[in-house]
Amino acid sequence: DDGYDAARTIPLVDELIDSEKVFAMWTLGTSNTLKTYDKLNQRCVPQPISMTGHPAWGDPVNHPWTTGMQLAYNTEAVLWGTFLEKRLSEFTGGKMKIASLVMNNDFGRSYDAGLKAYIAQSPNKANFEYISEIVEATAPTLKDPMTTLASKNADVFIGMTAGAPC
């Protein structure tokens, strides 16, 4: 158990795969899985259905031993963008302000980039206003960034955080 602390992941995985006959490794979190990604693939240890949606999973040429169990975060962001775009007419003037709480890690940045890219290519991009606040996974509270986002009077809130305290 690395306590969702990627700095602790490698020594624990090293100890496990060096001392046991490991059949497979199951990981949680983008940062933690990225820390083990190369090592487990080099040792041909399956890393099936990792609990993360980072777009790096699904690379059968370079990392055939690792798969994710969910949609890539940027793909999920495109689905959200599509959903929101179809509902633009429900908002005053056909305009929508989207607020996002983004975790400052690969998970949050991937999701954030996916939604920004969707909005940028949308024929309705002028009708979207996107604002975000970045938070650290280790933040003791989300009160300040949430208060800042609430003060912006957004129409829609999307949280791109995992494991952060509420």
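Residues numbered from 1 in each chain as written. Predicted model: local features only at pLDDT ≥ 70, side-chain atom pairs only at ≥ 80, totals over all residues. Heavy atoms only, no water.

### Looking at the nonpolar core
Counting residues in hydrophobic clusters, the biggest one holds 16 residues, and the most contacted among them are Ile-98 and Ile-158. Of all the elements in the fold, those that place two or more residues in this core are helix H3 (73–85), strand E3 (96–103), helix H4 (106–121), strand E4 (128–135) and strand E5 (156–160). Per-element accounting of this core gives the leading share, four residues, to H4. If sequence neighbours within four positions are ignored, Ile-98 has contacts with Leu-84, Ile-119, Phe-128, Glu-129, Tyr-130, Ile-131, Ala-154, Val-156 and Ile-158. (Core = buried A, V, L, I, M, F, W, Y, C linked by side-chain atoms within 4.5 Å. Buried < 20%, exposed > 50% of the residue type's maximum accessible area, 1.4 Å probe, protein only. Helix = DSSP H or I, 4+ residues; strand = E, 2+ residues; numbered from the N terminus. Contact = heavy atoms within 4.5 Å.)

### Regarding the packing of helix H1 (residues 6–19) against helix H2 (residues 30–42)
Between H1 and H2, whose axes approach to 8 Å, the crossing angle comes to 35 degrees. Handedness of the crossing formed by H1 with H2: right-handed. Taken together, the residues of H2 that come into contact with H1 (itself represented by Ala-6, Thr-9, Ile-10, Val-13, Asp-14 and Ile-17) are Ser-31, Asn-32, Lys-35, Thr-36, Lys-39 and Leu-40. Residues belonging to the contact of H1 with H2 are distributed by class as follows: five nonpolar, four polar and three charged. (Axes fitted to C-alpha atoms, helices over the stretch in contact; angles between N-to-C directions. Left-handed = near helix turned anticlockwise from the far one by under 90°. Nonpolar A, V, L, I, M, F, W, Y, C, P; charged D, E, K, R; others polar.)

### Considering the sheet that holds E3
Strand order in the open sheet formed by three strands is E4-E3-E5, and the pairing between neighbours is parallel. What marks the edges here is a single partner per strand, and that holds for E4 and E5. Direction aside, neighbouring strands of the sheet carry axes that sit 20 degrees apart on average. Taken together, the eight bridges between E3 and E4 define a ladder with parallel strand orientation. Paired with Lys-97 across the strands is Glu-129, a residue of E4. Helix-sheet contacts for helix H5 (residues 143–150) involve E3, E4 and E5, and the interaxial angle to E4 is about 165 degrees. (Pairing = 2+ DSSP bridges.)

### Quick look at the packing of aromatic side chains
Both the distance between ring centres and the angle between the ring planes are used here to describe each pair of aromatic rings. Taken as a whole, this structure holds five aromatic pairs when the rule is applied. Centroid distance Tyr-73 to Phe-107: 4.4 Å. Interplanar angle 70 degrees. Geometry classified as edge-to-face. Of the two residues, Tyr-73 is situated in helix H3 and Phe-107 in helix H4; the sequence distance between them amounts to 34 residues. Phe-107 shares its class with Tyr-73; the two are buried. Arranged with centres 6.2 Å apart and planes meeting at 80 degrees, the rings of Phe-107 and Tyr-111 form a pair that is edge-to-face. Note that Phe-107 and Tyr-111 are positioned in helix H4 at a spacing of four residues, about one turn of the helix. Ring pairing ties together the aromatic residues Tyr-73, Phe-107 and Tyr-111, which thus form one cluster. (Phe/Tyr/Trp six-rings, centres within 6.5 Å; stacked < 30°, edge-to-face > 60°.)

### What about the pairing of E5?
Because side chains alternate across E5, one face comprises the buried residues Val-156, Ile-158 and Met-160, and the other comprises Phe-157 and Gly-159, none of which is buried. For E3 and E5, the ladder comprises five bridges, and the chain directions are parallel. Bridging across to E5, Ala-99 finds its partner in Phe-157.

### A look at unusual backbone geometry
Backbone geometry at Ile-49 places phi at a positive 40 degrees, although glycine is not the residue there. Locating Ile-49 in the fold gives a position in strand E1 (residues 47–50). Positive phi is not limited to glycine here, since Asn-153 has a value of about 55 degrees. Its place among the elements puts Asn-153 in the loop between H5 and E5.

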